[in-house]
Amino acid sequence: MNQLHTNRKDEADYLIRSDGSRCNGLEADNTNRNIPIMPGDILVDAKEAGRYEGELTIAKKSMPANSDASVTGRVIPEDTALLPYIAGGRKFYLKEV
């Protein structure tokens, strides 16, 4: 996760979607599925998501549980307010703490 990402140009209302993250070998696990998704949650799409498998996303808004994705981390609380500013095509850096 310690790398530079770019939000996909086709911006989504509820998610920041890392462009090209499927190439980084990310895998979803089965432990953190089916839980409500909160702003700042970092998700990885599971095999059940089909062509989106391995895609890294960050929730911008609260959403119901999604069995196709695992919550793998969380943006630190003081940075959650910055999420709305990561528009389509904008770069962002995720650093593991």
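Cut-offs used in this document
- Residues numbered from 1 in each chain as written.
- Predicted model: local features only at pLDDT ≥ 70, side-chain atom pairs only at ≥ 80, totals over all residues.
- Heavy atoms only, no water.
- Pairing = 2+ DSSP bridges.
- Helix = DSSP H or I, 4+ residues; strand = E, 2+ residues; numbered from the N terminus.
- Axes fitted to C-alpha atoms, helices over the stretch in contact; angles between N-to-C directions.
- Buried < 20%, exposed > 50% of the residue type's maximum accessible area, 1.4 Å probe, protein only.
- Contact = heavy atoms within 4.5 Å.
- Phe/Tyr/Trp six-rings, centres within 6.5 Å; stacked < 30°, edge-to-face > 60°.
- Lys NZ or Arg CZ within 6 Å of the ring centre and 35° of its normal.

A.B. asks: Which parts of the structure should I look at to understand the sheet that holds strand 4 (residues 56–59)?
C.D. replies: In a beta sheet, neighbouring strands are held together by backbone hydrogen bonds and run either parallel or antiparallel to one another. The four strands are arranged 2-4-3-5 in an open sheet whose pairing can be described as antiparallel. Of all the strands in the sheet, just strand 2 (15–17) and strand 5 (69–74) have a single pairing partner and so form its edges. On average, each strand axis in the sheet is inclined to that of its neighbour by 30°, with strand direction left out of account. Sheet analysis places strand 2 next to strand 4, joined by three bridges and oriented antiparallel. Bridge pairing links Ile16 to Ile58 in strand 4.

A.B. asks: For this particular structure, what's the right way to read the pairing of strand 3 (residues 41–45)?
C.D. replies: For a regular strand, side chains alternate in direction, first toward one face of the sheet and then toward the other. In terms of burial, strand 3 is a largely internal element, five of the five residues being buried. Of the two faces of strand 3, the one lined by Asp41, Leu43 and Asp45 and the one lined by Ile42 and Val44 are each fully buried. Relative to strand 5, strand 3 is paired through five bridges, and the arrangement is antiparallel. By the bridge assignment for strand 5, Val44 is matched with Ser70. As paired strands, strand 3 and strand 4 are joined by three bridges and run antiparallel to one another. Bridged to Leu43 within strand 4 is Thr57.

A.B. asks: What's the story with the environment of Ile86 in this structure? I'm lost.
C.D. replies: Positionally, Ile86 belongs in the loop between helix 1 (77–80) and strand 6 (91–94). Here Ile86 falls in the buried class, since its relative accessible area comes to 14%. C-alpha separation for the pair Ile86 and Ile16, spaced 70 residues apart in sequence, amounts to 7.4 Å. Discounting residues that sit within four places of it in the chain, Ile86 has contacts with Asn7, Glu11, Ile16 and Phe92.

A.B. asks: What is the right way to read the packing of aromatic side chains from this model?
C.D. replies: For any two aromatic rings, the description comes down to two numbers: the centre-to-centre distance and the angle of the planes. Across all of its chains, the model carries zero aromatic pairs by this definition. Just above the ring of Tyr14 sits the side chain of Lys61; from NZ or CZ to the centre is 4.9 Å.

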